[in-house]
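Each chain is listed here by its residues.
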Amino acid sequence: MSERIRARVLLLIGDEAELTTEHRGADDPERVAVSRLVAETGIPRARLVGADLVAVIGNGGDLERFERADRTDGVR
């Protein structure tokens, strides 16, 4: 079963985005390809910084995918 958690895009560094989650804070953020975030969420690169997302974590603890966060996503 996968887990859904909140994520926030802190900044973009070249082709990578730094994100915080409840498992990784700003002092040790997740790094994810910007192209992946754009493809999976539909949020344009220019609007990613500060975006709230939902990260789906698989059974192995890997980030399986990202979704746009909204008020109906069921994630606290």
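Fair warning: this is a prediction, and the values are worked out from it, not measured in the lab. (Residues numbered from 1 in each chain as written. Predicted model: local features only at pLDDT ≥ 70, side-chain atom pairs only at ≥ 80, totals over all residues. Heavy atoms only, no water.)

1. Let's talk about the nonpolar core
1) Next: Core analysis: the largest hydrophobic core is formed by 16 residues, its most contacted members being Val9, Leu19, Leu37, Leu53 and Phe66.
2) Next: Listed by contribution, the elements that provide at least two residues to this core are β1 (3–13), β2 (16–21), α1 (34–41), β4 (52–57) and β5 (63–68).
3) Next: Setting aside residues no more than four positions away along its own chain, Leu37 makes contact with Val9, Ala17, Leu19, Val32, Gly42, Leu48, Leu53 and Phe66. (Core = buried A, V, L, I, M, F, W, Y, C linked by side-chain atoms within 4.5 Å. Buried < 20%, exposed > 50% of the residue type's maximum accessible area, 1.4 Å probe, protein only. Helix = DSSP H or I, 4+ residues; strand = E, 2+ residues; numbered from the N terminus. Contact = heavy atoms within 4.5 Å.)

2. Description of α1
Structural remark: α-helix, 3.6 residues per turn; residues separated by three or four positions point the same way.
1) Next: Buried within α1 we find Val34, Leu37 and Thr41. For α1, the angular spread of buried residues about the axis comes to 65°, placing them on one side. Opposite the packed face of α1, turned more than 90 degrees from it, sit the exposed residues Ser35 and Ala39.
2) Next: On its buried face, α1 is in contact with β1, β2, β3 (30–33), β4 and β5.
3) Next: Phi for Gly42, located one or two positions after α1, is positive at around 80°. (Arc of directions from axis to C-beta.)

3. Looking at the environment of Ala46
1) Next: Locating Ala46 in the fold gives a position in the loop between α1 and β4.
2) Next: What makes Ala46 exposed here is its relative accessible area of 79%.
3) Next: When the C-alpha atoms of Ala46 and Gly25 are compared, they prove to be 23 Å apart, with 21 residues separating the residues in sequence.

4. Some remarks on the pairing of β2
1) Next: Burial of β2 is extensive: five of the six residues sit out of reach of the surface.
2) Next: In terms of strand pairing, β1 meets β2 through six bridges, oriented antiparallel. Bridging across to β2, Leu11 finds its partner in Glu18.
3) Next: The hairpin turn running from β1 into β2, its antiparallel successor, is two residues long, and Gly14 in that turn takes a positive phi close to 60°.
4) Next: Across four bridges, β2 lies against β3 in antiparallel orientation. Counted as the bridge partner of Ala17 is Val32 from β3. (Pairing = 2+ DSSP bridges.)

5. Considerations on the sheet that holds β2
1) Next: In space, the five strands of this open sheet follow the order β3-β2-β1-β4-β5, with antiparallel pairing throughout. Only two strands of the sheet have a single partner each, and these edge strands are β3 and β5. The sheet shows a mean angle of 40° between the axes of neighbouring strands, taken without regard to direction.
2) Next: In the packing of α1 onto the sheet, the strands contacted are β1, β2, β3, β4 and β5, and the crossing angle to β5 comes to about 55°. (Axes fitted to C-alpha atoms, helices over the stretch in contact; angles between N-to-C directions.)

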